[in-house]
Amino acid sequence: MLAKSARSAFGALARVYPYMLAMTAVVIASNYLVQFPVMYTLGPFILEDLLTWGAFTYPVAFLVTDLSNRHFGPAKARLVVTAGFVLAVGISIYVATPRIAIASGTAFLVAQLMDVSIFDRLRHSHWWHAPLASSVLGSILDTVLFFSLAFAASFAVLGANDVFAIELAPLLGFFAMEVPRWMSWALGDLGVKLLVSLIMLAPYRVLLSVFRLHRPAGQNG
């Protein structure tokens, strides 16, 4: 009986292991890339005052969470989030600053667990309702938490301030009102995250169909 239970637990872990690895890779990449503004100018927009490269990779974390939730249920999705959190934050300390790692870990854990909860509530709605609502609300919460903790001068207790991030610059690199640059990064990153969340509905739909074809008999989705 004990051996059978161990095999069952190992089998369950083996099924979610690829999701854990994917989540870890996405968060580590995003924590590294968020340190680099997009150094381009697009018409009147100075993108270094508007975006970091992390905005383009982080929304994939919501795709991983939602797919694991749809495929295995909320308990396994929380396991994926927790494992991704522990591994990614630990490794991110070496590819980013400790303050970035703390901010990322806090924002990631809170936003992803909220994503799991919202997705589960909307699970039986139309196929796109759950991933879109959970990703949009999760992205908003994640952005507010991460950029405040990582760059706001009032959170310097977590680590040294990034001088470039707290310098005053035109809002969104365009408007006359000047704000700390990290606020424009937050708004710009959120805009990209929401756009990518919409784009991620396409691979979500495709992979959802694949999972339905391979779902074991009797498994709910």
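Residues numbered from 1 in each chain as written. Predicted model: local features only at pLDDT ≥ 70, side-chain atom pairs only at ≥ 80, totals over all residues. Heavy atoms only, no water.

Chemist: When you look at the overall build of the protein in this model, what are you seeing that I'm missing?
Modeler: Regarding its fold elements, the protein presents eight helices and four strands. Reading the protein from its N end, one meets helices and strands in the order α-β-β-α-α-α-α-α-β-β-α-α. Taking all 221 residues of the protein together, 44% fall into the buried category. Contacts in the protein between residues at least 24 apart in sequence constitute 70% of all its contacts with a sequence separation of at least 6. Split by element, the accessible area of the protein, about 10,900 Å² in all, is 74% carbon and sulfur. (Helix = DSSP H or I, 4+ residues; strand = E, 2+ residues; numbered from the N terminus. Buried < 20%, exposed > 50% of the residue type's maximum accessible area, 1.4 Å probe, protein only. Contact = heavy atoms within 4.5 Å. Areas by Shrake-Rupley, 256 points an atom, 1.4 Å probe, with all protein chains shown as cover.)

Chemist: What exactly am I supposed to notice about the confidence of the model for the protein here?
Modeler: Parts of the model with low pLDDT should not have their predicted coordinates read in detail. Of all residues in the protein, 87% attain a pLDDT of 70 or more, and the chain-wide mean is 81. Low pLDDT, under 50, characterises residues 1-6; the predicted model gives this stretch zero contacts beyond four residues in sequence or across chains. Here residues 216-221 is modelled with pLDDT under 50, and outside its nearest four sequence neighbours on either side it reaches five contacts, counting other chains as well. (pLDDT = per-residue confidence, 0-100.)

Chemist: I tried to follow the packing of helix H2 (residues 60-72) against helix H5 (residues 129-151) on my own but got confused; where do I start?
Modeler: Each pair of packed helices can be described by the angle between their axes along with the distance between the axes. In the contact formed by H2 and H5, the axes pass within 10 Å of each other and the chain directions differ by 140°. Compared by their axis directions, H2 and H5 come out oblique. Judged by the twist between their axes, the crossing of H2 over H5 is right-handed. When H2 is examined against H5, the residues Phe62, Asp66 and Arg70 are found in contact with a partner set consisting of Ala130, Pro131, Ser134, Ser135, Gly138 and Ser139. Residues that form the contact of H2 with H5 fall into these classes: three nonpolar, four polar and two charged. (Axes fitted to C-alpha atoms, helices over the stretch in contact; angles between N-to-C directions. Parallel < 35°, antiparallel > 145°, perpendicular 65-115°, else oblique. Left-handed = near helix turned anticlockwise from the far one by under 90°. Nonpolar A, V, L, I, M, F, W, Y, C, P; charged D, E, K, R; others polar.)

Chemist: I'm lost on the nonpolar core in this one. Help?
Modeler: Nonpolar side chains tend to gather and get buried jointly when the protein is soluble and globular. Ranked by size, the top nonpolar core spans 31 residues in total, and within it Met23, Ala61, Val80, Phe108 and Tyr204 carry the most contacts. Every element with two or more residues in this core is listed here: helix H1 (2-33), H2, helix H3 (74-95), helix H4 (98-121), helix H7 (181-199) and helix H8 (201-214). Residue contributions to this core peak at six residues, all from H1. Discounting chain neighbours no more than four positions away, the residues touching Tyr204 are Leu63, Asp66, Leu67, Arg70, Phe119, Trp127 and Pro131. Among the nonpolar cores identified, the runner-up in size contains 15 residues, and Leu149, Ala152, Ala165 and Trp185 belong to it. (Core = buried A, V, L, I, M, F, W, Y, C linked by side-chain atoms within 4.5 Å.)

Chemist: Teacher, can you tell me more about the packing of aromatic side chains here?
Modeler: A ring pair, where both rings are aromatic, is described by two values, the distance of the centres and the angle of the planes. Tallied over the full model, the rule gives twelve aromatic pairs. Pairing Tyr40 with Trp53 gives two aromatic rings, centres 6.4 Å apart and planes at 90°, and the pair type is edge-to-face. On the criterion of sequence distance, the pair formed by Tyr40 in the loop between H1 and strand E1 (41-42) and Trp53 in the loop between strand E2 (45-46) and H2 is long-range, its members being 13 residues apart. Taking 6.5 Å as the distance between ring centres and 75° as the angle between the ring planes, the aromatic pair formed by Phe119 and Tyr204 counts as edge-to-face. (Phe/Tyr/Trp six-rings, centres within 6.5 Å; stacked < 30°, edge-to-face > 60°.)

Chemist: Looking at this structure, I do not really get the environment of Gly105. What am I missing?
Modeler: Along the chain, Gly105 turns up in helix H4. A relative accessible area of 3% means that Gly105 is categorised as buried. Taking C-alpha positions, Gly105 is 9.5 Å from Gly84, a pair spaced 21 residues apart along the chain. Look past the residues within four positions of Gly105 in its chain and what remains in contact with it is Phe85 and Val89.

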